[in-house]
Amino acid sequence: MQLFRLIYCSQPFGYDLPMLNGILADAKTYNPPNSITGALICREDIFLQLLEGPKENILLTYSKILNDDRHLNIKVLLEEFCENRIFPQWHMKDDPARSWFWTKEQIHSGILQTISKCEVIDAFEKVANSLPE
Ligand SMILES: Cc1cc2nc3c(=O)[nH]c(=O)nc-3n(C[C@H](O)[C@H](O)[C@H](O)COP(=O)(O)O)c2cc1C
């Protein structure tokens, strides 16, 4: 099985803890049977999600995510086949978008549309490297 990776960003609509918990509950229900792992970097002004797994399952899940009214302005930043999972142990790791990633001003002015693929992968690698073993 070839592993596929998709990263997108979006703007949360009505962000609060119950909403985030609802999304994580969906991920917990659907991702394990679909061999999907990943991470969701989240803050009231940004969702940045990494999904990894079989291509068909990733695209099907992404098509559901695209139609979800809990966020807006959804844009794919990266789609590629890859060798290894960045979050092999996580059906969906949630991580607060800390200010050392990008400030709210940077997000507001559209920095995610201009950063390179390496930089976006690097953000997730940093989250993965900060997790306890
Ligand atoms: C930011 C965001 C991330 C999401 N991540 C996932 C995910 O990783 N896996 C998943 O199955 N659903 C995820 N969802 C929820 C889906 O959009 C969808 O509601 C869910 O898969 C149930 O779809 P269904 O009722 O059509 O089966 C996410 C939604 C949002 C807004």
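Up top is the structure these notes are about.
All figures in this text were calculated on a predicted structure; none of them were measured in a lab.

1. Points about the site of the ligand
(1) Moving on: Lining the immediate environment of the ligand, one finds 15 residues, of which D26, A27, Y30, D68 and R70 sit closest.
(2) Moving on: Elements represented by at least two residues in the shell around the ligand include exactly α1 (17-30), β3 (46-54) and α2 (55-66).
(3) Moving on: Among the elements that take part in the shell around the ligand, α1 stands out by supplying four residues, more than any other.
(4) Moving on: Of the residues contributing to the shell around the ligand, the split by class is seven nonpolar, four polar and four charged.

2. Comments concerning α2
One turn of an α-helix holds 3.6 residues; hence residues three or four places apart share an orientation.
(1) Moving on: Taking 1.5 Å per residue, twelve residues should reach 16 Å; α2 reaches 16 Å between its end C-alpha atoms and fits that length.
(2) Moving on: Tucked into the core, α2 has its buried residues touching β1 (3-12), α1 and β3.

3. Looking at the nonpolar core
(1) Moving on: If you look at the biggest cluster of nonpolar residues, it comprises 23 residues, and the most contacted ones within it are C9, A39, I41 and L48.
(2) Moving on: If one sorts the elements of this core by residue count, β3 sits on top with five residues.
(3) Moving on: Apart from residues lying up to four places away in sequence, C9 is in contact with I46, F47, L48, K75, L77 and L112.

4. Quick look at the pairing of β3
(1) Moving on: With respect to burial, β3 is a largely interior element, eight of its nine residues being buried.
(2) Moving on: In terms of strand pairing, β1 meets β3 through eight bridges, oriented antiparallel. Of the residues in β3, the one forming a bridge with F4 is G53.
(3) Moving on: Counted along the chain from strand β2 (residues 37-43) to the antiparallel partner β3, the turn is two residues long.

So, how was this worked out
- Residues numbered from 1 in each chain as written.
- Predicted model: local features only at pLDDT ≥ 70, side-chain atom pairs only at ≥ 80, totals over all residues.
- Near = placed C-beta within 6 Å.
- Helix = DSSP H or I, 4+ residues; strand = E, 2+ residues; numbered from the N terminus.
- Nonpolar A, V, L, I, M, F, W, Y, C, P; charged D, E, K, R; others polar.
- Expected span 1.5 Å × (residues − 1).
- Contact = placed C-beta atoms within 7 Å.
- Core = buried A, V, L, I, M, F, W, Y, C linked by C-beta atoms within 7 Å.
- Buried ≥ 20, exposed ≤ 12 C-beta atoms within 10 Å, placed from the backbone.
- Pairing = 2+ DSSP bridges.

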